[in-house]
Amino acid sequence: MSAPGLNGTNSSNWDVSRLWSPAGDFDIIGLDQVMVAAYSPTDPHRASANKLLMQLQEMPELWTKADAIIEQAQNPQARFFGLQVLDDAIKTRWKVVAQDQRDGIKNYVVGKVINMSKDEVVMSQERVFISKLNLTLVEILKQEWPHNWPSFITDLVGSSKTSEVLCENNMQILKLLSEEVFDFSKDQMVTDKVKRMKESLNGEFAQIYQLCEFVLLNSQRPSLLRVTLQTLQRFLTWIPLGFIFQTNLIDVLVNKFFSTPLFRNEALDCLAEIGSLKDLDPQYDHLFRQLLQGFLVQLGAIITPETNLTPAYENGSETDRLFIQKLALFLSGYFKSHLHALEAPESQEALLKGMVYLVRVSEVKDTEIFRICLEAWHMLADDLYKWEQSVARSSLGSGLNLGTPGMNGAGQASRKFLYANILTGVRHVMIANMAKPEEVLIVEDENGDIVRETTKDTDVIAQYKTMREALVHLTHLNYEDTETIMLAKLAEQVDGSAWSWNNLNTLCWAIGSISGAMTEDEEKRFLVTVIKDLLGLCEQKRGKDNKAVVASNIMYVVGQYPRFLKAHWKFLKTVVNKLFEFMHEVHPGVQDMACDTFLKIAGKCKRKFVTVQSDESVPFVCELVDSLPSIISDLEPHQVQAFYEAVATMLSENPETVPIDRPAILLKLMELPNRTWRTIMEQAATNVETLIAPATIKEIIKILKTNNKVCGAVGSLYTHQLQVFFLDMLNVYKVYSERISLAIQQQGPHATQLSLIKNLRSAKKEVLRLLSVFIAKSGPPEADPRAVAMGFIPPILDPILGDYKRNIAGARDPEVLKLMGTVVEKLQNYVADDVPRIMEAVFEVTLEMITKNFEDFPEHRLQFFWFLKMINHHCFGALFKIPPEHQKLVVQSVAWAMKHTERNISDTGLEILHELLINVSQTPGVAQAFYQQYLLSLIQDVFAVMTDRLHKSGFKMHSTLLRQMFHLVQLNQVTVPLFDVSQHPPGTTNPSFLRNHVCTLLLSSFPNLNQTQVTKFVDGMFDVSMDLGKFKQHLRDFLIELKEFNGEDNSALFTEETEQAQRAREQALMAERSAVPGMLKPSEIDNDL
């Protein structure tokens, strides 16, 4: 092909035939030119060149030209392209290529690797290409080794002894091979293949080890020694232990390579792998003790335990920083794996010295290094706490004296005293590095400014949880030490000697994290000082940012100690009044945090606010509602709503124990929004158009949201407030509905996208949400279900249901379905007579919306099937008061739900059907007609979803339903014929018909099954002696036999068992955490203090 054909201006001539002629000649020079164009950002033919390369890659025989491309191409990218083509062929076409061609590829790649890697100059110039070539060789090994290439390891080791340069590259190949087999194989190779490769590597590792040992003892080539150490590190996690402990490997690593700066980090990687080996036979314990002792001797020559590593890390080279990180990995992994073995008397000194080093490393200001160290400290604190608790229990059981300091009940030295100095250092490190809790909304940004947090950092939240658990354990191990350190650090903040935002933040976050880990007396002594100092600091500091930082820390700390606040009214009142001050502080985040903290305290200490306290004439809540306008004057609407929710939470306290007029205080609380509402209604009475003004709609939404928060918090007491504006609210709903309908009528469906219509719909949704919350919270004595059903339900049906039915699909609110579902769930039989009317309005129109596909109107789907589930559960009889065609639609909609691709909807459909069958079986008047019309089709529907591979997670319910329906038939509880009597011989029974029907169905659906398999399976379906567990196993065995399921991941068929095991683990973990005082945050404890 001539060069102008590619370099000319007409790029449309660039096609595959210009590079690869019909005669089979491939133009390498042309490929070079294409590569130049493809990789040049300014070349006008770049797009055409890239398109041509993609076309080439799709050609199945291109790999036959790969060697020519690699050998003859002048452009480096063209050579890489040729290698990539070869790589792809090995991965995807190896099994279909003829044996002689496979041998040819293998010999070419091996020869190329050897030729390029035996020459030091070429090795240096072509390092990247050789690395890619090595990967290609490993791809061949994954296909051929060990079965078709048993001599590979022997050949590799033999060639390595001929040249140090070649040996260096061979080490790279061994390193890659180990990574592929042991690290990356899970998703790329079948299990048996991986097992064979691992066994082969294990069997031949003696040769690999001897090569590594020979190199480490004899080579003077630094690059070879480093890659040998790196290769060895990849193998250390799985090789037989004899190669580690019965050779001089550890001695060579510690005394030869760790002590040499050039190889220190690679040697430390190897030692970290060895040190992290765990669950070994106790016979190796003494070897791990010796290893640590020898390691610390060499480490002491590099840094002493007293060395401050922070400046060394900040000012050191990249190699120095890597060394400190790897030292963290070594020490942390070592202590996590061998703590108890190292506590033996002969190694205690080394253990404590090593932990001092780890404390020094923990002080380095690097997040990743600290998290590595944190794992070890969390393990140590947890282990010591559990050990102390078990000793205390056994001592109490045997009546032993625990009074001797430093001794446990058995008269042995307590482990926590062994670590006393270490634990003090750990407490200092933990407090200085405490992660930010989720509740704190105020952060320092990258510019050093104090701002409101906009996104949650999940890594920081996880780190806080781990640190909190460790600090709680550390506090239990020595409360006095924890308190002394915290108060000393607080004093430094007060006197200014160590003042900084970060220091105060981490200290206060640590103080808040140990809530509950002290006795009440200890907590009182500690917190009185802390809160007084923090309040004093708030008065002392000047500048908005400083005040914001102190304020956020006060709010976080007091929010974590509801037990203390409940026991000390004056402190509680002082703190709440301080929160009211912060609500006027306009610094970003302070007001949000003040409202959040007030809400948290109101929930935990609500009884204190609604009862008269000593030295008080009235309950605090009475003073609060009187001064409410001034308190909330600077708050944003969402903050005002949180404030109202907090006060309403106080009023939710049990009326029998509260001697106040709760209805009157509630109405006093709602005075401001009620006054605004009355003004709006008075204006609307004169001119209804005022309701449509954007500012008015916005105000109505704010009022409704506030009422929603109050209703959710105060519960059934809210009926007194709802009566104030209930009918007005329904009139507003009606006006807005009519306006929306008119806009759609005049402007078509796109009217729903207009901003005014969106605002009107938002207001309607708030009405629906408020009614849903009220009905969900209703109950005696203020809102008895019968009274609610009679007083509130009839007025809402016409404006809400009529509007829903008349509107276009895009203007129907899913909140209507949620409201109706809540009505049925909460009021049950009291609204049974209204169910047919509700269904007539919402059922058919919603079904039409959601059955066109599986994607549109997702929220309507969820609420519709939940609504159906509530009717089936609470008002089953009402289903047979609706027209027969609607009854049929109900069953069809349940069958459709089962087939849904969204798991929550398909699960709901299965649950509805299960309960429907139970309800039908208990209602003789409808059962037989139901079975005759629907049972056969329902069996087919359940079989269909069970065998479609998309619904494996519903397997438990599929099994339950099939067992239920088959056993109904087998036990002759279905007395009407399920078949057309005229089409079957006399004497045909339902069981015999169903047997034949299911057999025919399965044989036609799954051609790979034979008659014997199907008959055996169907016989089992009718075996009434099978409990659900055996029935499920019978179904599982059948499904796995199916070709469609064979070779797939069928773990979803065991979803029930997996989820059950997960729940059991979570419950055990929760029980374990609950047993440790302070381990659960106050927000996790569901009680009113």
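Residues numbered from 1 in each chain as written. Predicted model: local features only at pLDDT ≥ 70, side-chain atom pairs only at ≥ 80, totals over all residues. Heavy atoms only, no water.

Caption draft 1: The arrangement of the overall build of the protein chain in detail. In terms of helices and strands, the protein chain carries 53 helices and two strands. Here the C-alpha coordinates of the protein chain stretch approximately 100 × 95 × 80 Å along the principal axes. Counting all 1089 residues of the protein chain, 52% fall into the buried class. The contacts in the protein chain between residues at least 6 apart in sequence include a share of 73% that link residues at least 24 apart. Carbon and sulfur atoms provide 52% of the accessible area of the protein chain, an area that totals close to 48,300 Å². (Helix = DSSP H or I, 4+ residues; strand = E, 2+ residues; numbered from the N terminus. Buried < 20%, exposed > 50% of the residue type's maximum accessible area, 1.4 Å probe, protein only. Contact = heavy atoms within 4.5 Å. Areas by Shrake-Rupley, 256 points an atom, 1.4 Å probe, with all protein chains shown as cover.)

Caption draft 2: Representation of the nonpolar core. F598, F643 and L962 are the most contacted members of the largest nonpolar core, which totals 364 residues. In this structure, F643 is in contact with F580, M583, F598, L624, L628, I631, I632 and L635, ignoring residues within four places of it in sequence. (Core = buried A, V, L, I, M, F, W, Y, C linked by side-chain atoms within 4.5 Å.)

Caption draft 3: Structural view of the side chain of S337. Along the polypeptide, S337 turns up in helix α20 (residues 318-342). Looking at S337, its side chain comes within polar contact range of the main-chain oxygen of S276, at 3.3 Å. Of the polar contacts made by the side chain of S337, one reaches the backbone oxygen of G333; its length is 2.9 Å. Ignoring sequence-local partners within four residues, the contact set of S337 consists of G275, S276, L277 and K278. (Polar contact = N/O pair within 3.5 Å; in protein donor to acceptor, adjacent residues only side chain to side chain.)

Caption draft 4: View of the side chain of E179. Inspection of the secondary structure assignment puts E179 in helix α11 (residues 164-182). Classification of E179 by relative accessible area gives buried; the value is 14%. At a separation of 2.7 Å, a polar atom in the side chain of E179 contacts the side chain of R234.

Caption draft 5: Structural context of unusual backbone geometry. Along the chain, W145 connects to P146 via a cis peptide bond; the corresponding omega equals 5 degrees. Mapped onto the elements of the fold, P146 is located in the loop between α9 (127-144) and α10 (152-160). In this model, P780 is joined to P781 through a cis peptide bond whose omega is 0 degrees. Looking at where P781 falls in the secondary structure, it is placed in the loop between α40 (755-777) and α41 (785-791). For D615, which is not glycine, the phi dihedral falls at a positive 65 degrees. By secondary structure assignment, the location of D615 is in the loop between α33 (606-610) and α34 (620-631). Exposure remark for D615: the relative accessible area of 73% places this residue in the exposed category. For N972, which is not a glycine, the phi torsion comes out positive at approximately 60 degrees.

Caption draft 6: Summary view of the environment of E766. Within the secondary structure, E766 is located in helix α40. Judged by its relative accessible area of 7%, E766 falls in the buried class. Excluding residues that lie within four positions of it along the chain, E766 makes contacts with I701, L704, K705 and N708. Looking at E766, its side chain comes within polar contact range of the side chain of R769, at 2.9 Å.

Caption draft 7: Representation of the pattern of salt bridges. As enumerated under the stated definition, the model contains 49 salt bridges in all. Among the salt bridges present, the one from K132 reaches D87, with a minimum N-O distance of 3.6 Å. Taken together, the residues span a long stretch of sequence, with K132 in helix α9 and D87 in helix α6 (residues 76-93) at a distance of 45 residues. Here the two residues K132 and D87 agree in accessibility, since each one is buried. With its nearest N and O atoms 2.8 Å apart, the salt bridge here joins E343 to R415. One end of the pair, E343, is in the loop between α20 and α21 (348-362); the other, R415, is in helix α23 (residues 415-418), with 72 residues separating them in the sequence. Within the structure, one salt-bridge network assembled from shared partners comprises R761, K764, K765, E766, R769, D803, D813 and E815. (Salt bridge = Lys/Arg side-chain N within 4 Å of Asp/Glu carboxyl O.)

Caption draft 8: Summary view of helix α29 (residues 544-559). With 16 residues, α29 should cover 22 Å at 1.5 Å per step; its first-to-last C-alpha distance of 22 Å lies within 8% of that length. Most of α29 sits inside the fold, with 13 of its 16 residues counted as buried. (Expected span 1.5 Å × (residues − 1).)

Caption draft 9: Structural view of the packing of α34 against helix α35 (residues 637-651). Running from N to C, α34 and α35 cross one another at 170 degrees; their axes reach a closest spacing of 12 Å. By the criterion of interaxial angle, the relationship of α34 to α35 is roughly antiparallel. Across the interface between the two elements, V621, L624, V625, L628 and I631 from α34 touch F643, Y644, V647, M650 and L651 from α35. In terms of residue class, the contact of α34 with α35 is made up of ten nonpolar, no polar and no charged. (Axes fitted to C-alpha atoms, helices over the stretch in contact; angles between N-to-C directions. Parallel < 35°, antiparallel > 145°, perpendicular 65-115°, else oblique. Nonpolar A, V, L, I, M, F, W, Y, C, P; charged D, E, K, R; others polar.)

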